[in-house]
Amino acid sequence: MVLEEGCSHFNWTGGGRVVLVLDASESAQPFQSQIVSLAQGVLRALPAQVGCQLYLLGNPRPYPHQELTQRSGPWFRENRGRASLLAPLREGLEAEELSTIVLIGAGPVFDLPDWAGSDLLQRLLLASVGPSLQGRQDIAEELRDPRVSDLMPRLYNPLTRVEIAGPGFMPLYWDNDAYGLQWSAGQVSLRAAQAEEYRLALSFLAAPGALLRARVQRAAGEALEMRLPRSDELQVSSSGGGLLGPAEQDVFERAVRGQPFRCPHCGQEHSADTLFCLESGSLLGEPIYPSLQESGLKGFVLLQAADAGVRFSPYPGRVLRLAEGEVALPQGPRAQRYRYDPSSERWQPTGLFLKPYARLGRHCYVVLC
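Owing to the predicted nature of the structure, the values given are computational and were not obtained by experimental measurement. (Residues numbered from 1 in each chain as written. Predicted model: local features only at pLDDT ≥ 70, side-chain atom pairs only at ≥ 80, totals over all residues. Heavy atoms only, no water.)

### Observations regarding the packing of helix α1 (residues 32-45) against helix α2 (residues 68-78)
The interhelical angle for the contact between α1 and α2, taken along N-to-C directions, is 145°, at an axis separation of 11 Å. For α1 against α2, the interelement crossing comes out right-handed. Contacts between α1 and α2 involve Gln32, Ile35, Val36, Ala39, Gln40 and Leu43 on the former and, on the latter, Leu68, Thr69, Ser72, Gly73 and Phe76. (Axes fitted to C-alpha atoms, helices over the stretch in contact; angles between N-to-C directions. Helix = DSSP H or I, 4+ residues; strand = E, 2+ residues; numbered from the N terminus. Left-handed = near helix turned anticlockwise from the far one by under 90°. Contact = heavy atoms within 4.5 Å.)

Set out below in structure tokens:
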């Protein structure tokens, strides 16, 4: 099986997001003041870090929620003839994939049964200030004549844990240090818990056509599972590179040929695969390439011979992609090699470690700092 490389984003903000949908239909007209008052109370009570979007039922156009108090009258009049349907809002609501949706109104929403079993209904809270929004049906959670204090525990309900996984999943690059790589019987996931920020951009390997899923846990205890759509190729910034010094370049040229070299720290000869001198008295050893340490580089580092000298730069990823279906992951001072087994759909250790100066391309080698 050929694994596919892809990119994706997880765009949840730390405080969460809320979508308010207000019922401006004819059936809700006698309750307009209660609908607007409840919505105003919610907007005042939401913490500043919680994003908010406002819609009127049956209308796909979002409204600026900051102007609700001043403009609710004309907004309700222009939407009074619209049918009590969620379908026109489908695109906007699906784009707000991880938001809590609150529908404030009175009288039945006619297409609620059409959404049965959807992710949207897991996130939908009905707040009726008059006749029920779902009649005698029990399709979604509904609060009758709620106060703002009844709604807030459901609206400000931030994430406490996120885990991203999928068939054949192996993350290569991710930009949020709150996420760590997790293993379970050969299956790999990225997980963050109790983080200040859960936004994430990542590149990954996965089985052909596989969809990534984000399993999210929220403070109130409920768990949701969301699809993570594919996105365009990530632009990964690379900083901290430079040129090796003359002595370091001499070490590199001998080491890539498999020849021993004279250590600039202790003066003794070291084997070609030595990256830290342990004879210099330092507990952790002295780096053979001090330029890499001075640049603050961690993880995989590329060394590439060029006319101007030997250039070093950070590898654009935390997991090193090797041959088809094979990667290397840092484990202490070495990098363990793993291979994907399509028959079991698991990543398995090969028992081999990546050798220093593994060749990635013409005149391009990789070492682990």
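Structure shown, so let's carry the discussion forward.
### Remarks on the environment of Arg123
If you trace the backbone, Arg123 turns up in helix α4 (residues 119-123). For the pair Arg123 and Val327, spaced 204 residues apart in sequence, the C-alpha separation works out to 38 Å. A polar contact of 2.8 Å, which involves the side chain of Arg123, links it to the backbone oxygen of Glu96. (Polar contact = N/O pair within 3.5 Å; in protein donor to acceptor, adjacent residues only side chain to side chain.)

### Let's talk about the packing of α1 against helix α5 (residues 148-155)
Between two packed helices, both the angle of their axes relative to each other and the distance between the axes serve to describe the pair. At a closest axis distance of 10 Å, the pairing of α1 and α5 adopts a crossing angle of 50°. The angle between α1 and α5 falls in the class oblique. In terms of crossing hand, the pair formed by α1 and α5 is right-handed. Each of Leu38, Gly41, Val42 and Ala45 in α1 lies in contact with α5, whose residues at this interface are Val148, Leu151, Met152 and Leu155. Within the contact of α1 with α5, the residues separate by chemical class into seven nonpolar, one polar and no charged. (Parallel < 35°, antiparallel > 145°, perpendicular 65-115°, else oblique. Nonpolar A, V, L, I, M, F, W, Y, C, P; charged D, E, K, R; others polar.)

### Digging into helix α6 (residues 246-255)
Here α6 has its buried residues at Glu248, Val251, Phe252 and Ala255. All buried residues of α6 lie within an arc of 100° about the axis, which places them on one face of the element. Contacts made by the buried residues of α6 are with β15 (261-262), α7 (290-294), β19 (300-306), β20 (309-314) and β26 (364-368). (Buried < 20%, exposed > 50% of the residue type's maximum accessible area, 1.4 Å probe, protein only. Arc of directions from axis to C-beta.)

### Concerning the sheet that holds strand β24 (residues 346-353)
Within a sheet, neighbouring strands are paired by backbone hydrogen bonds and run either parallel or antiparallel to one another. The antiparallel open sheet is built from four strands, whose spatial order is β21-β22-β23-β24. On the outer flanks of this sheet lie β21 (320-321) and β24, each paired with one strand and no other. Sheet analysis places strand β22 (residues 326-331) next to strand β23 (residues 334-341), joined by six bridges and oriented antiparallel. Counterpart to Pro330 in the pairing with β23 is Ala335. (Pairing = 2+ DSSP bridges.)

### A few points about the nonpolar core
The biggest cluster of nonpolar side chains holds 35 residues, and the ones touching the most others in it are Phe10, Ile164, Tyr179, Val327 and Trp347. Elements represented by at least two residues in this core include exactly β7 (159-165), β8 (170-174), β10 (187-193), β11 (200-206), β12 (212-218), β13 (223-228), β22 and β23. Apart from residues lying up to four places away in sequence, Tyr179 is in contact with Phe10, Val162, Ile164, Trp174, Leu190, Arg191, Ala192, Tyr198, Arg199 and Leu200. Judged by nonpolar contacts, the second largest core, of 29 residues, contains Leu46, Phe76, Ile104 and Met152. (Core = buried A, V, L, I, M, F, W, Y, C linked by side-chain atoms within 4.5 Å.)

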